[in-house]
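These are the residues of each chain, in order.
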Amino acid sequence: MSQPGGTDAVADTFPRLLQHHAAVRGDRTAIREKDLGIWLSWTWREVADEVRAAACGLAALGFKRGMTLAVVGDNRPRLYWSMAATQALGGIPVPLYQDAIAQEMLFVLENAEVEFAVVEDQEQVDKLLEIRAKYPRLKHIIYDDARGLRNYPNPELLSFDRLQELGREHDRAHPGFYQGEIDRGQHDDTAVMLYTSGTTGNPKGVCHTHSSLIAAARGDIAFDGFTAQDEVLSYLPMAWVGDHLFSYAQALVAGFCVNCPESSETVPIDLREIGPTYYFAPPRVFENLLTTVMIRMEDAARFKQRLFHYFMAVAKRCGAKIMDGRTAEVSLGDRLQYFIGDLLVYGPLRNVLGMSRIRVAYTGGAAIGPDLFDFYRSIGVNLKQLYGQTETGVYVCKQPNGKVKLDTVGPPLPGVEIRIADNGEVQVKSPGMLKEYYKRPDATAESITPDGWFMTGDAGFFDRDGDLKIIDRAKDVGKLKDGTLFAPQYIENKLKFFPHIKEAVAFGHDREMCTAFINVDLGSVGNWAERRGIAYSGYTDLAQRDAVYDLVQECVEKVNRDLATDAQLGNSQIRRFLVLHKELDADDGELTRTRKVRRGFIAERYAQLVNALFAGDTHCEIEGQIKFEDGRTGTIRADVKIRDAKTFPVVEARKAA
Amino acid sequence: MSASPHPNPPPPAAGEGAHNGARRIGDVLLSVENISLAFGGVKALTDISFDVREHEIRAIIGPNGAGKSSMLNCINGVYTPQQGRIRFDGQTFTSMAPHKAATMGIARTFQNIALFKGMSVLDNLMTGRNLKMRSNLLAQAFYVGPNRREELEQREKVEHIIDFLQIESVRKTPVGRLPYGVQKRVELGRALAAEPRLLLLDEPMAGMNIEEKQDMCRFVLDVNDEFGTTIVLIEHDMGVVMDISDRVVVLDYGKKIGDGTPDDVRNNKAVIDAYLGVSH
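Computed from a predicted structure; not experimentally measured.

Colleague: Would you take a moment to explain the overall build of chain B for this structure?
Modeller: Along the backbone of chain B there are 11 helices and 10 strands. Relative to its 280 residues, chain B shows a buried fraction of 52%. In chain B, once contacts between residues fewer than 6 apart in sequence are set aside, the share between residues at least 24 apart is 69%. When the accessible surface of chain B is summed, it comes to about 12,900 Å², and 52% of that surface belongs to carbon and sulfur atoms.

Colleague: Can you help me understand the interface of chain A and chain B in this one?
Modeller: For an interface, size is often stated in terms of accessible area lost upon the parts coming together. Taken together, the contact pairs 17 residues of chain A with 15 residues of chain B. Contact with chain B buries area across many residues of chain A, yet Leu36, Arg147 and Asn151 of chain A alone supply 45% of it, more than any other trio. Taken together, chain A and chain B are joined by three salt bridges. A salt bridge links Asp225 of chain B to Arg150 of chain A; the nearest nitrogen and oxygen atoms lie 4.0 Å apart. For the pair chain A and chain B, the number of links is five residue pairs in polar contact (both at pLDDT 80 or more). Taken together, the residues of the side of chain A that touches chain B break down into four nonpolar, seven polar and six charged.

Colleague: I keep staring at the pattern of salt bridges and nothing clicks. Help me out?
Modeller: Between side chains of opposite charge, pairing is possible as soon as their charged atoms come close. Within this structure, the stated rule accounts for 71 salt bridges over all chains. Lys405 of chain A is paired through a salt bridge with Asp465 of chain A; the nearest N and O atoms lie 2.7 Å apart. Here Lys405 of chain A, found in the loop between β15 (397-398) and β16 (417-420), pairs with Asp465 of chain A, found in the loop between β19 (454-462) and β20 (468-473); they are 60 residues apart in sequence, far enough to count as distant. Judged by relative accessible area, Lys405 of chain A falls into the buried class, the value being 18%. The class of Asp465 of chain A is partly exposed, set by a relative accessible area of 49%. Across the pair Asp51 of chain B and Arg58 of chain B runs a salt bridge whose closest N-O atoms are separated by 4.0 Å. The exposure class of Arg58 of chain B is buried, given its relative accessible area of 0%. Overlapping salt bridges bring together Lys34, Glu262, Asp270 and Glu273 of chain A together with Arg155, Glu159 and Arg171 of chain B as one network.

Colleague: How should I be thinking about the packing of helix α4 (residues 121-128) of chain B against helix α7 (residues 180-193) of chain B in this particular structure?
Modeller: Packed helices, taken two at a time, are described by the angle their axes make and the gap between the axes. Residues and elements named next belong to chain B. Two elements in contact, α4 and α7, have axes whose closest approach is 7 Å; the angle formed by their N-to-C orientations is 35°. Pair α4 / α7 crosses with right-handed handedness. Residue-level inspection shows Val121, Asn124, Leu125, Thr127 and Gly128 of α4 in contact with α7, the latter providing Val186, Gly189, Arg190 and Ala193.

Colleague: Just to check I follow, could you spell out helix α6 (residues 145-165) of chain B for this structure?
Modeller: For an α-helix the count is 3.6 residues per turn, leaving residues at separations of three or four pointing the same way. Residues and elements named next belong to chain B. Between its terminal C-alpha atoms α6 stretches 31 Å, which fits the 30 Å expected from 21 residues at 1.5 Å a residue. For α6, the complete set of buried residues consists of Asn147, Glu150, Gln154, Val158, Glu159, Ile161, Ile162, Phe164 and Leu165. Once α6 ends, the next one or two residues include Gln166, with phi positive near 55°.

Colleague: I would appreciate a short explanation of the packing of aromatic side chains in the present structure.
Modeller: Any pair of aromatic rings gets described here by the distance separating the centres and the angle formed by the planes. All names here are of chain A. Evaluation of the coordinates by the stated rule reveals 21 aromatic pairs over all chains. With a centroid separation of 5.3 Å and 45° between ring planes, the pair formed by Phe246 and Tyr278 is classed as tilted. Separated by 32 residues along the polypeptide, Phe246 in helix α9 (residues 241-254) and Tyr278 in strand β12 (residues 278-280) bring together distant segments of the chain. Exposure class is identical for Phe246 and Tyr278. Each is buried. Consider the rings of Tyr279 and Phe286, whose centres lie 5.8 Å apart with planes at 85°: the pair is edge-to-face. Comparing Tyr279 with Phe286, the two get one shared label, buried. A connected cluster of aromatic rings, assembled from ring pairs, spans Phe226, Trp240, Phe246, Phe256, Tyr278 and Phe280. A cation over an aromatic ring shows up here: Lys204 above the ring of Tyr437, its NZ or CZ 4.6 Å from the ring centre. Sitting above the plane of the Phe601 ring, Arg598 keeps its charged end 5.3 Å from the centroid.

What counts as what
Residues numbered from 1 in each chain as written. Chains lettered and ligands numbered in written order. Predicted model: local features only at pLDDT ≥ 70, side-chain atom pairs only at ≥ 80, totals over all residues. Heavy atoms only, no water. Helix = DSSP H or I, 4+ residues; strand = E, 2+ residues; numbered from the N terminus. Buried < 20%, exposed > 50% of the residue type's maximum accessible area, 1.4 Å probe, protein only. Contact = heavy atoms within 4.5 Å. Areas by Shrake-Rupley, 256 points an atom, 1.4 Å probe, with all protein chains shown as cover. Buried area = accessible area lost by both parts, 1.4 Å probe. Salt bridge = Lys/Arg side-chain N within 4 Å of Asp/Glu carboxyl O. Polar contact = N/O pair within 3.5 Å; in protein donor to acceptor, adjacent residues only side chain to side chain. Nonpolar A, V, L, I, M, F, W, Y, C, P; charged D, E, K, R; others polar. Axes fitted to C-alpha atoms, helices over the stretch in contact; angles between N-to-C directions. Left-handed = near helix turned anticlockwise from the far one by under 90°. Expected span 1.5 Å × (residues − 1). Phe/Tyr/Trp six-rings, centres within 6.5 Å; stacked < 30°, edge-to-face > 60°. Lys NZ or Arg CZ within 6 Å of the ring centre and 35° of its normal.

This is a description of form; function is not addressed.
Quick look at the structure:
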């Protein structure tokens, strides 16, 4: 880190970092919260005092080194302080998802043997009191917002103010206690336990040490040049590793200011008021923001709409290139137009989105659509992708400024080693690696190889520029007969980015070629058909129209052209496809409840169609059972057409587009 | 009929025992004595008497046209009854004027939302503070000196209400652009801004969906609990009435046919016949 004076060597735990900032930049703002319409601020020195009072309060209640403390609620300064206070005493904070139901919380509380909890408000108190009936070990519940709790008779309840009062008394009675506790802290103590949601089985507690989180945060800060001048808005769930890094670990390492929004509904307004310089959000959030803009644009006056569309076309043409500093590729006329557009459209738009001051914005966690990604970059928001997971402290890959590509996640970060296993799985050694899964040596052994590589479960490879490309979950990746990697989800996602395609299912494992089932989007294609005067009676009718097949074929061939640029995946271009006669439906077991395709089940159910695809037939008659919404079943019969799609020669050494 | 499933969850476990004790229901705050009101030949109210105790939630129920809103209008002086008197806080009136009612600490909301549609939520709530402003119109217009300080004080009070009703995200949105349920909440907020002793709510949950009703119930209970405000409310949803009110008055064709705790009223023969229908 760039901090002169070399205090970093000593500040190897979060409580020590807090003391360091209180000493070095005691009067700078550390955290803000909007309350009653006003942004309240606390300086680093004030935060250090608040944390000290809370820590001593916890000690007065009997909190001992090694114990755990649950933190439940929206992003509130006092909840962050509780984490720091816990760490100061050598305890382990366990942030929980605030919208989890009591039952889900019970598991984590029991697993982590939690006796203390700091919660936001009445809603969470009610949940914990309900849990307490089944889990009497929970001894103390400390709340931030007292509203509605005045008449609760429960003796285990305590306000945060009262906790701090107790703490100050305790501090006066035992003057050396607090500093002594901080001094006893070791850099390899567990700093935090983050429970992973766990799609299968119960959640697992990922234990991170002070040193791993601090190392990950230092790496991130050096990579993007964050300083104490930066501002972030903390609005993502505190239990999520992303928020823990951005709003806690990185803030404590770099010393930048964290802003807590007034409530989850006011985030867009607060974002605009704060104007963070550094921003992180999953793709879903960026998508919602864009949708809001587009809807409001529809309501704008005709002239403004035309202005917007004209300049968005300019931005699409040259915005991303200008962002990447490749101005030589942009004509003078375009550069001039972009400049005017920036004054009239992009600047005001960034302002409305609260992104005027953003230097770096990150997204990750899921595939982001090309239109979405390009939109933000073209209006001058430096949106980049990163890759990482809870277990690696989200410190694996990041895209450097000016070298941003849609379908890769960038090169490994400094200090990170990556190897690709034989089955295509990405394995990682990262400074931000977890210590263990709490009380789950079996799971720890399953995820970390004996020689210290963390198995991500994701399949990927490096492209020509040395950027990592994540294609699928490793267990889903197969191989064609000629040995080409076959990543069904990667291909399906590419197809699904087209608005006309709702679902896609790719087949190809152990086959000579790759084929696909397509579901068209009834809304979007129906609209398209109406505009062309194509009459249709319903989904089945529409899906089998030649015009619709032409439309889909265009999309498939675009995907093929894209796949052809990739040496490893080039041969898995879609040779043949069909448009399914019915929409895939969770009620029929074809999709999971979270709308993921169940590939195996579909292959079995439509074995006839799959065989026809690979056999080279031009159509196939199919009859199948469907379940109506009221539970009755019926049969559906259709003659499904099958088409060949054009494929493209695989380009070995093509310049990055 | 609508002895519907409870629209709001029971108050938190801790509230159950503490409910009545903590709210310390006091002496009679308002009593209505032998009120009769007629519009020409139409008798809207005939010889109605009941009382409201400090800190309690009092519901007025009855079928359409029973005279519920007329009753509220008599209490806050919109209508002047031909007979009877109203005692509020020890003073007796044969007629009340709306401005007098307001200065004495009676605030109300309306069945049809009566907000300034073009003004922001914040400004609407600030209008509710008008009676609390001490400086004159001229000083207010120029926003100088003591007025500035005063305005800040008022704003803080209003912000507490915004926080209380959880409408932070629409603070600066013009009221006309808000959904109906939120507008109802804003109207409650404006009534609260006057820091009333007695709050008259005319069908606060009319036209709301279950979730909005639950929220509104919670707010009504919280107002009563946090500020100790006495509440008289008109409501059609029997589930709501039975859950949140301490005592209920039942009107039918302008006459009082029942008065007592929700349980008393539920078992009152006349009430069942007139309003609840035959119990199954």
